[in-house]
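# Structural description and commentary
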Amino acid sequence: MEILRTVEDMQRFADRVRQRGRTIGFVPTMGYLHEGHVSLVHIARRHADVVVVSIFVNPTQFGPGEDFESYPRDFERDRRMVAAAGADCLYCPDADEMYPPGYQTTVCVREVTRNLCGLSRPAHFEGVATVVAKLFNAVKPQYAVFGQKDFQQLVVIKRMVRDLNMDIDIIGAPIVREPDGIAMSSRNKYLGTAERQAARCLSRALDAVRSRADEGERSAQALISLARGIISAEPLGRIDYVKVCDAVTLQDVERLEREAVMAVAVFFEKARLIDNTILHVDGPQP
Ligand code: PAF
């Protein structure tokens, strides 16, 4: 597996791959990898000849007082995991390479960033869209894979790619869960034993909501009350939001009339966890 650290080296690698008529599948990450990331690498491998994984803890997507400094990092472990997952190239630029002095251009995706995490993390998605656009320009992929756990991020990236005519297929990958239902996340590391137990309320609430919707409940308010009841029963968590939104526009909906998403964010002492489930209106999905 090649390890590349500069934009120039990454672009040369990508040009060589493309000149040979081969395709590139890309998995952008912030490292501290888990089985969810490994599943993204496997999905990229199914679509493309050559798989590139990036690791970059992007400072511009963290707000003041958020966990940029303490975000977990373990390069050696990540390198081994990326190699074992079968990637061909690991791209790990540093902050000066990504944002050299004088850097002043950003990507702002307007409407789909306003709701959900955009309410409590106002600059987050501008940081995400900007860094992903820059990574795309370095890696030059035909395919890029993003987990559906960060559902809003996936919608934002799809919107950016469409709006800026980027010739890249964005693939959404299913959420990978721990055996107890908790969605895999690098931030789960922040949870103490009791919080870890309490954090199961997110997936429990989403399961209950999905069953109720499958039984025919169409009122967003009824589904939100159900989820809020389950999450608030856990004293260690504090709800940031529980919302039902249109799956494309991410605007709040009052009734389930087409595909929607229930998205939740809950603060624990050192971690803010997010999770979601798609709500189909045509009845239960496999
Ligand atoms: O989902 C992440 O890990 C990050 O937001 C991403 C897409 C790598 C951009 O920094």
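These numbers were taken from a predicted model, which means no experiment stands behind them.

## Description of the pairing of strand E5 (residues 143-147)
Of all five residues in E5, four are buried, a share of seventy percent or more. Alignment of E5 against strand E6 (residues 169-173), held across five bridges, turns out to be parallel. Directly across from Tyr 143, in E6, lies its bridge partner Asp 169. Following the chain from E5 across helix H7 (residues 151-163) to the adjacent parallel E6, one finds a crossover that is right-handed.

## A closer look at helix H10 (residues 220-232)
In a regular helix each residue adds 1.5 Å, so 13 residues correspond to 18 Å; H10 covers 18 Å between its end C-alpha atoms and thus fits that length. Of all the residues in H10, the buried ones are Ala 220, Leu 223, Ile 224, Leu 226, Ala 227 and Ile 231. Down the axis, H10 shows its buried residues gathered within 160° of arc, on one side only. Here the buried face of H10 lies against helix H9 (200-214), strand E7 (238-246), strand E8 (260-267) and strand E9 (272-279).

## As for the state of the cysteines
Within this structure, the stated rule accounts for zero disulfides. The structure places no disulfide on Cys 89, whose sulfur is separated from the nearest cysteine sulfur, that of Cys 92, by 8.4 Å. Unpaired in terms of disulfides, Cys 117 finds its nearest cysteine sulfur in Cys 245, a separation of 10 Å.

## A few points about the site of the ligand
In the vicinity of the ligand, the residues found are Pro 28, Thr 29, Met 30, Asn 58, Gln 61, Val 131, Val 132, Phe 146 and Gln 153. Gln 61 places a side-chain nitrogen or oxygen 2.6 Å from an oxygen atom of the ligand. Contact between the ligand and Gln 153: an oxygen atom at 2.7 Å from a side-chain N or O atom of the residue. For the ligand, the accessible surface in isolation is 290 Å², of which the surrounding protein chains cover 90%. Contributing elements (two or more residues each) for the shell around the ligand: strand E2 (24-29) and helix H6 (124-139). Classifying every residue of the shell around the ligand by side-chain character gives five nonpolar, four polar and no charged.

About the criteria used
- Residues numbered from 1 in each chain as written.
- Predicted model: local features only at pLDDT ≥ 70, side-chain atom pairs only at ≥ 80, totals over all residues.
- Heavy atoms only, no water.
- Buried < 20%, exposed > 50% of the residue type's maximum accessible area, 1.4 Å probe, protein only.
- Helix = DSSP H or I, 4+ residues; strand = E, 2+ residues; numbered from the N terminus.
- Pairing = 2+ DSSP bridges.
- Right-handed = clockwise from strand over helix to strand, strands pointing away.
- Expected span 1.5 Å × (residues − 1).
- Arc of directions from axis to C-beta.
- Contact = heavy atoms within 4.5 Å.
- Disulfide = S-S within 2.5 Å.
- Near = heavy atom within 4 Å.
- Polar contact = N/O pair within 3.5 Å; in protein donor to acceptor, adjacent residues only side chain to side chain.
- Areas by Shrake-Rupley, 256 points an atom, 1.4 Å probe, with all protein chains shown as cover.
- Nonpolar A, V, L, I, M, F, W, Y, C, P; charged D, E, K, R; others polar.

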